[in-house]
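# Overview (structure and organization)
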Amino acid sequence: MNEEPKIKSSKSTPDADPAPVVLEAAGVRKTYRLGRVPVRVLEDASIEVRRGEWVAILGASGSGKSTLLHLLGGLDRPDRGTVRDAIRHEGRDVSRFNNTELNHYRNRSVGFVFQFYHLLPELSVLENAMLPCLVPNRWIAATLPLLAALVGGGVGAAIGFFAGEGVLPDADVATDPKMAVIAAVFGVLGAALGVVLLQIGQVIGERIRLQSGPEAAASKATLEEFGLGHRLRHKPSQLSGGERQRTAIARALASEPGILLADEPTGNLDAATGRDILDLLKKRHDAGLTIVMVTHDPNVADYADRVVRLEDGRAVEATA
Ligand SMILES: Nc1ncnc2c1ncn2[C@@H]1O[C@H](COP(=O)(O)OP(=O)(O)OP(=O)(O)O)[C@@H](O)[C@H]1O
Ligand SMILES: [Mg+2]
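All figures in this text were calculated on a predicted structure; none of them were measured in a lab.

The rules we used
- Residues numbered from 1 in each chain as written.
- Chains lettered and ligands numbered in written order.
- Predicted model: local features only at pLDDT ≥ 70, side-chain atom pairs only at ≥ 80, totals over all residues.
- Helix = DSSP H or I, 4+ residues; strand = E, 2+ residues; numbered from the N terminus.
- Buried ≥ 20, exposed ≤ 12 C-beta atoms within 10 Å, placed from the backbone.
- Contact = placed C-beta atoms within 7 Å.
- Core = buried A, V, L, I, M, F, W, Y, C linked by C-beta atoms within 7 Å.
- Domains from an automatic or database assignment.
- Near = placed C-beta within 6 Å.
- Nonpolar A, V, L, I, M, F, W, Y, C, P; charged D, E, K, R; others polar.
- Axes fitted to C-alpha atoms, helices over the stretch in contact; angles between N-to-C directions.
- Left-handed = near helix turned anticlockwise from the far one by under 90°.
- Pairing = 2+ DSSP bridges.
- Right-handed = clockwise from strand over helix to strand, strands pointing away.
- Arc of directions from axis to C-beta.
- pLDDT = per-residue confidence, 0-100.

## As for the overall build of the chain
- On a plain count of helices and strands, the chain comes out with nine helices and 10 strands.
- The buried share among the 320 residues of the chain stands at 38%.
- In the chain, once contacts between residues fewer than 6 apart in sequence are set aside, the share between residues at least 24 apart is 74%.

## Comments concerning the nonpolar core
- Ranked by internal contacts, the top residues of the largest apolar core, which has 58 residues, are I57, L72, L260, L261 and V292.
- Looking at which domains feed residues into this core, each of domain 1 (21-121 + 252-319) and domain 2 (123-234) gives three or more.
- Ignoring anything within four residues of it in the chain, the contact list for L260 reads G111, V113, A252, L253, L289 and I291.

## Digging into the site of ligand 1
- Lining the immediate surroundings of ligand 1 are 13 residues, of which Y32, S61, K65, S66 and T67 lie closest.
- Looking at the shell around ligand 1, the elements that each hand over two or more residues are β1 (21-34), β2 (37-50) and α1 (65-72).
- In terms of residues, the shell around ligand 1 owes the most to one element, α1, which gives three residues.
- Classifying every residue of the shell around ligand 1 by side-chain character gives four nonpolar, eight polar and one charged.

## Examining the packing of helix α3 (residues 125-134) against helix α7 (residues 241-253)
- Viewed as axis vectors pointing N to C, α3 and α7 meet at an angle of 30°, and their least axial separation amounts to 6 Å. Helix-helix and strand crossings are classified by hand; for α3 and α7 the assignment is right-handed. Between α3 and α7, the residues in contact are V125, N128, A129, L131 and P132 and T247, A250 and R251, respectively.

## Describing the pairing of strand β8 (residues 290-295)
- Across the six residues of β8, six count as buried, placing the element largely inside the fold.
- Of the two faces of β8, the one carrying T290, V292 and V294 and the one carrying I291, M293 and T295 are both buried.
- Here strand β3 (residues 54-59) pairs with β8 via five bridges, running parallel. Residue W54 lies in a different strand from β8, and its bridge partner there is I291.
- Of the strand pairs in this sheet, strand β7 (residues 259-263) and β8 are connected by five bridges, and their pairing is parallel. Its bridge partner being in β8, D263 is matched across the sheet by V294.
- Each parallel crossover has a hand, and for β7 linked through helix α8 (residues 271-286) to β8 it is right-handed.

## Re helix α2 (residues 99-109)
- Within the sequence span of α2, burial applies to Y105, R106 and S109. Down the axis of α2, the smallest arc covering the buried residues is 115°, so these residues share one side. Within α2, the exposed residues directed more than 90 degrees away from the buried face are N99 and T100.

## Details of the confidence of the model for the chain
- Across the chain, the average pLDDT comes to 85, with 89% of residues at or above 70.
- Contacts of residues 1-13 to residues separated by more than four positions or lying in other chains number 43 contacts, the stretch itself having pLDDT below 50.

## A few points about the pairing of strand β4 (residues 80-85)
- In this structure, β1 lies alongside β4, joined through five bridges in antiparallel fashion. Bridge pairing in β4 links A25 to V83.
- Two elements, β4 and strand β5 (residues 92-93), share two bridges in a ladder whose sense is antiparallel. Looking at the pairing, R84 lines up with D93 of β5.

## Regarding the environment of S63
- Summarising the element assignment, S63 is placed in the loop between β3 and α1.
- Sequence separation between S63 and L310 is 247 residues, and the spatial gap between their C-alpha atoms is 6.1 Å.

## With respect to the environment of G91
- As for its position among the elements, G91 is in the loop between β4 and β5.
- G91 sits in the partly exposed class, given 13 other C-beta atoms within 10 Å.
- A C-alpha to C-alpha distance of 8.6 Å links G91 and E24, two positions 67 residues apart in sequence.

Okay, here's the thing in structure tokens:
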């Protein structure tokens, strides 16, 4: 039970020639409820992330590091304060996005890496790595079956009409109920066939995309760069911890996000494997990737350009 504010304020290091801010949390507050007891984890916490920076968020267990990173990644909303994506959404407040905008933000603007990988066990390494690119547009996903049913139904009804004329040459097409019944039956069959054909087409399209689409080529290249070229068809359960995390990082980078957010990416790995992961991130950072990484390990934080501390559960401060 803890009703004390755990994080009071934050500030970032002034920079002589600062790169533009790409992501910013300003005055965020987050309170959880444990039964009837409110637990305030963040109180007026602020952080600015500039393009090309590697920022480490360092703090003791329970100090709110994951909470802050989840707010930055749009995985949760603050009670108060703003989170602004200055790179792809013109500085708009992420916490006010609707679900479609949030999905886009989570899949395109930021890449998220979790301590425990969070890979989908039934998908292969390549499919997992491509996941952000495969998320369908909800509007299209909902509208396409309706369109297929309408087109199929219309074509079916027209065929039924002509078939009816063949079977009942003497019928009055405008008034004979038998004509209407035949057209309706063909219409329903046409609608059902339209939906079935759409689904078959989508499955085939998805397979082609997974095998040879541009997203597959990009994900394969990343996985090969990460030393996983020989593991593309394996399932996560067949991989080591380090290989799983490299797959998860490839997934986070699949949609070429502006920023990588990593929550203790080496926290579940032995020291040598953890260093491999950090070296891999460093290579990407040297090539321009902006990184925000949560850790409780000062040695891991050493990789960062700047450290923001959540200290004693009370203050966030930055050190050069
Ligand atoms: N969904 C939740 N419901 C209630 N309390 C929560 C919830 N998520 C986090 N907390 C509490 O908020 C506090 C901060 O949690 P958070 O996970 O952000 O800490 P952390 O700094 O990432 O810790 P660790 O280093 O152990 O991962 C903790 O006291 C935790 O118990
Ligand atoms: Mg945490």
